[in-house]
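# Chain and residue survey
Given next are the chains, with one letter for each unit.
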2 protein chains.
Amino acid sequence: MTTNPARLCAIVLMAVQGVFGSAIEASAEEPLKTDAQLLAAAQKQFRPLPKDAATADNPVTPERVSLGRKLFFDPRISDDGTVSCHRCHLASLYGCDGLAGSIGAHDFHAPRNAPTVLNSALQLAIHWRGELKTVEEQAQKALIGPAFANKDYATVVARLKAIPGYAEPFQKAFPDDSNPISEKNWGKAIGAYERTLVTPSRFDDYLVGKSDSLSPAERHGLQLFLSVGCADCHNGVGIGGGSFEKFGVVEEYWKATASKKNDQGRKDVTQQDSDQYVFKVAILRNVAMTAPYFHDGSVKNLPDAVKVMSRVQIGRVLSDDEATAIVAFLQALTGTLPRDFAESPTLPPGSYIDSP
Amino acid sequence: MTTNPARLCAIVLMAVQGVFGSAIEASAEEPLKTDAQLLAAAQKQFRPLPKDAATADNPVTPERVSLGRKLFFDPRISDDGTVSCHRCHLASLYGCDGLAGSIGAHDFHAPRNAPTVLNSALQLAIHWRGELKTVEEQAQKALIGPAFANKDYATVVARLKAIPGYAEPFQKAFPDDSNPISEKNWGKAIGAYERTLVTPSRFDDYLVGKSDSLSPAERHGLQLFLSVGCADCHNGVGIGGGSFEKFGVVEEYWKATASKKNDQGRKDVTQQDSDQYVFKVAILRNVAMTAPYFHDGSVKNLPDAVKVMSRVQIGRVLSDDEATAIVAFLQALTGTLPRDFAESPTLPPGSYIDSP
């Protein structure tokens, strides 16, 4: 578990406050900040989105992005021919699928909610338990995971080679590779594409100093978001996505949600007891568009999700008005969908191979 | 079976020619037409696309189209939450899914290939066997068909009402309806949207008199398409879609394809023996983008599909060069995707109901 010191202090403080019962609510209120004070406080916690999530390990070249975009939308590479990345990361639903848990090839039911692919390359790790380091690794391994259900990478490569129109874009995207159609280059191409999927919002305008980019109601929500303590974890460029935290600090989370089981979280990855119930802190950009919520999709509405988080992480019961105010701020995090995500690419036509 | 007289003559002629063996190939050749003659011959058989497939029964209002477009892309209305119209009619694959037979909710395998939704409202009927009269009827009935798998329309309406953002667009699309969220209006909205999905191509420019909109190779293919007899059935505004015909006039089709069974076709709909193996003539617009081919997706490549059709319908074995020439013409039928199809709409966020 990688709880940072500031967060630990906050948790200890909240636990101490818990001893004093009703003192909690009063102590969490702060005097209203001026617009300038609020902006300065926000700038300490958050950062505007960069234009992309480029990395030296996988240059975001136009050729890789163009190829990766095609591959992202192509279902013909999965075992039953119905699963593309876009099957569970729909542009219409801001990179999610609206399900508590995604459903893949052969009616496979995934154990966790599909997080949005938008801004995902900016996180410290991929998946709720952070078992994958990069979007490239995720894209490659998904090919032989249970959702795509391919039996091996050789099958994947054969499927790609059976579509004649992929030969040239793979060659152009990986010009120094004598055998460009490979599972590794699938991961790199999709990774390069996903690194372009950032969604600037009015909040980014705000962070660079334009106070009136947020309405008074949204600024009030931001103030609450800071004073209640949400930003202790949901901070940085993604308003989350930068750390792992225990879900259920004050109260067992599955008692506050409709969870059907108590997922062990990151403990299953690291085998460390301290990682029990630990998950990656969710990115809150576009959160108003990506119901249902949490690793198990157990909460359907954003106001309920905000209340559950405050209760089980901080021990504070938010009023309806407070939850509404915070939701108003969160709605201002809805960004502009990248054109190359909203618009499906035309895929190379042609034959495909049957399931083995 | 509604074979038209001209088609019957062609079939009789081909059968007679069959008696004379190798005389077939020579007799099917015609002297090369001049550009003006070819254009005139084409204008007799084909018509340019209208701007939409509007009907008095369901006005194509902007409000209905906008709502229908959202509904077309929304998977949350299906029983398992993974099936939208777009699941099997992908923009990336020109309104098809690349599968021999589509796969719906709960791993349901459809018995026939998903035809493209593009230009589909211009046909005489919907589905391969023509059992549905309009795109509106198809969209409505799909809700409780095996791909969406909803148990009844009440469930559908409950799902739609559980997404708050649908209340207003339904009301605006059906302002005179006191209960606008209904399965019937689902069908009308999607129908109105689908009536806008027409794909003008270079061939439409050609048909209005611009001969050089087709290359010499494409014009040569058109000439063969006419002289071989393809246009006896594949004609009109859709280059098909206007009649029902027996598949396998000269030879049983399943012997020429990879068909796994001999589908009875329209006979199962009408109970008439004369409708055995009868299917709707496929629209050939965008056919180069919509592999695999035929009602059972049993042929994967367009040149092979062209050869099979000529062989089993007309009794003529095309050379590779002839098939290539016809394919060159067919590729010129690939039109421009409507922007509102290529681009996914943003769906109203929010809760959904669980499967019953």
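Given the structure is predicted, the values throughout are model-derived calculations rather than measurements. (Residues numbered from 1 in each chain as written. Chains lettered and ligands numbered in written order. Predicted model: local features only at pLDDT ≥ 70, side-chain atom pairs only at ≥ 80, totals over all residues. Heavy atoms only, no water.)

### A short note on the interface of chain B and chain A
If you look at the interface, chain B gives 41 residues, while chain A gives 40 residues. Across the chain B/chain A interface, buried area totals approximately 3,100 Å², and carbon plus sulfur atoms make up 57% of it. For the interface between chain B and chain A, the tally reads two salt bridges. Linking Glu-343 of chain B and Arg-339 of chain A is a salt bridge whose minimum nitrogen-to-oxygen distance equals 4.0 Å. Connecting chain B to chain A are six residue pairs in polar contact (both at pLDDT 80 or more). Elements represented by at least two residues in the side of chain B that touches chain A include exactly helix H5 (85–88) and helix H16 (339–342) of chain B. In terms of residue class, the side of chain B that touches chain A is built from 20 nonpolar, 12 polar and nine charged. (Contact = heavy atoms within 4.5 Å. Buried area = accessible area lost by both parts, 1.4 Å probe. Salt bridge = Lys/Arg side-chain N within 4 Å of Asp/Glu carboxyl O. Polar contact = N/O pair within 3.5 Å; in protein donor to acceptor, adjacent residues only side chain to side chain. Helix = DSSP H or I, 4+ residues; strand = E, 2+ residues; numbered from the N terminus. Nonpolar A, V, L, I, M, F, W, Y, C, P; charged D, E, K, R; others polar.)

### What to know about the packing of helix H14 (residues 302–314) of chain B against helix H15 (residues 320–331) of chain B
Residues and elements named next belong to chain B. It is at 9 Å that the axes of H14 and H15 come closest, and there the two elements cross at 110°. If you check the angle between H14 and H15, you find them roughly perpendicular. The way H14 lies across H15 gives a crossing that is right-handed. Along the contact surface, H14 presents Leu-302, Pro-303, Val-306 and Lys-307, while H15 presents Asp-320, Ala-323, Ile-326, Val-327 and Leu-330. (Axes fitted to C-alpha atoms, helices over the stretch in contact; angles between N-to-C directions. Parallel < 35°, antiparallel > 145°, perpendicular 65-115°, else oblique. Left-handed = near helix turned anticlockwise from the far one by under 90°.)

### Remarks on the pattern of salt bridges
All told, the structure shown has 40 salt bridges over all chains when counted by the stated rule. Arg-159 of chain A serves as the salt-bridge partner of Asp-79 of chain A, at 3.6 Å between the closest nitrogen and oxygen. Here Asp-79 of chain A, found in the loop between helix H4 (62–73) and helix H5 (85–88), pairs with Arg-159 of chain A, found in helix H7 (residues 153–161); they are 80 residues apart in sequence, far enough to count as distant. This pair shows no difference in class: Asp-79 of chain A is buried, exactly as Arg-159 of chain A is. Measuring nitrogen to oxygen at the nearest pair gives 2.2 Å for the salt bridge that ties Lys-307 of chain B to Asp-320 of chain B. Remark: Asp-320 of chain B occurs in helix H15 and Lys-307 of chain B occurs in helix H14; sequence separation between them is 13 residues. (Buried < 20%, exposed > 50% of the residue type's maximum accessible area, 1.4 Å probe, protein only.)

### Focus: H15 of chain B
The end-to-end C-alpha separation of H15 of chain B is 16 Å, in line with the 16 Å expected for 12 residues at 1.5 Å each. When we look at burial in H15 of chain B, the residues that qualify are Glu-322, Ala-323, Ala-325, Ile-326, Val-327, Ala-328, Phe-329 and Leu-330 of chain B. (Expected span 1.5 Å × (residues − 1).)

### Observations concerning the nonpolar core
The nonpolar side chains of a soluble globular protein tend to be buried with one another. Grouped together as the largest cluster of nonpolar side chains are 45 residues, with contacts concentrated most on Phe-46, Phe-203, Tyr-206, Leu-222, Phe-225, Leu-302 and Leu-330 of chain A. Of all the elements in the fold, those that place two or more residues in this core are helix H3 (35–45), helix H10 (202–207), helix H11 (216–228), helix H12 (253–256), helix H14 (302–314) and helix H15 (320–331) of chain A. In terms of residue count, the dominant contributor to this core is H14 of chain A (six residues). Every residue in contact with Leu-330 of chain A, bar those within four places of it in the chain, is listed here: Phe-225, Leu-284, Val-287, Leu-302 and Val-306 of chain A. Core analysis: the next-biggest nonpolar cluster, separate from the first, contains 44 residues, Ala-42, Leu-214, Phe-225 and Phe-247 of chain B among them. (Core = buried A, V, L, I, M, F, W, Y, C linked by side-chain atoms within 4.5 Å.)

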